[in-house]
Amino acid sequence: MSDRAVNRYMQFIQYDIHTNYFYSLNRYGRFRQTPRHSDPGSIAEHGFSDGCKASVKLDPYWKTHIWDLHGKNNFSMIDGVTPPSLEVFVERIPKNCLSNDYRLFISNSLLQEAMLLPVQDEYWQRLMWESIRLYPNIHNLNVYLEFLEKHQYFEFYYYKELYEKCFAG
């Protein structure tokens, strides 16, 4: 799916219709080296310039019930040629429940917890994902971009664009 199609799909779900819940099981992270999939580490370099940079682009107004990366029930655990997947189940919350100050407070709390962890595991990734989703800022984006680049995640390009959009000029 193209990045443009993902953006339109997320626009439809988040703003064009009234949605209470959203479920997604989609690619996240690196593609494994398999006969069916390669992991070039660079979208643009290998003809994926219009490819999906992030399959789930949620605004801050969702409560996360499930965030499962490489979980025991995840498809990437079933089939070795399937790219890693992220399972997400979220519930829509009213915008008036999350002021900007409150979103910043929660985002910073999640970032602080992540920074205290000894390893950058699945839990660490969830904390960073939530922190940025709630309130992208220079601190959480810099930390996550460093991780994504080091591990050659395709999502690096989405978060790099988000960083440039938030802090251009």
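Structure: above.
Summary of the structure given here. (Residues numbered from 1 in each chain as written. Predicted model: local features only at pLDDT ≥ 70, side-chain atom pairs only at ≥ 80, totals over all residues. Heavy atoms only, no water.)

So, the overall build of the protein
Point 1. When you go through the protein residue by residue, the secondary structure sums to five helices and three strands.
Point 2. Order of helices (α) and strands (β) in the protein, N terminus to C terminus: α-β-β-β-α-α-α-α.
Point 3. Across the 169 residues that make up the protein, the buried fraction comes to 44%.
Point 4. Residue pairs in contact within the protein that sit at least 24 positions apart in sequence constitute 70% of those at least 6 positions apart. (Helix = DSSP H or I, 4+ residues; strand = E, 2+ residues; numbered from the N terminus. Buried < 20%, exposed > 50% of the residue type's maximum accessible area, 1.4 Å probe, protein only. Contact = heavy atoms within 4.5 Å.)

Here's the deal with the sheet that holds strand 3 (residues 85-92)
Point 1. Taken together, three strands build an open sheet; the order of strands is 1-3-2 and the sheet is antiparallel. With partners counted over all chains shown, the strands left at the sheet margins are strand 1 (21-27) and strand 2 (62-69), one partner each. Between one strand axis and the next, the sheet turns by 15° as a mean value, whatever way the strands run.
Point 2. Across seven bridges, the pairing between strand 1 and strand 3 is antiparallel. Each bridged residue has a counterpart across the sheet, and for Phe 22 the counterpart in strand 3 is Val 90.
Point 3. Against the sheet, helix 3 (residues 122-134) contacts strand 2 and strand 3, and its axis sits at roughly 150° relative to strand 2. (Pairing = 2+ DSSP bridges. Axes fitted to C-alpha atoms, helices over the stretch in contact; angles between N-to-C directions.)

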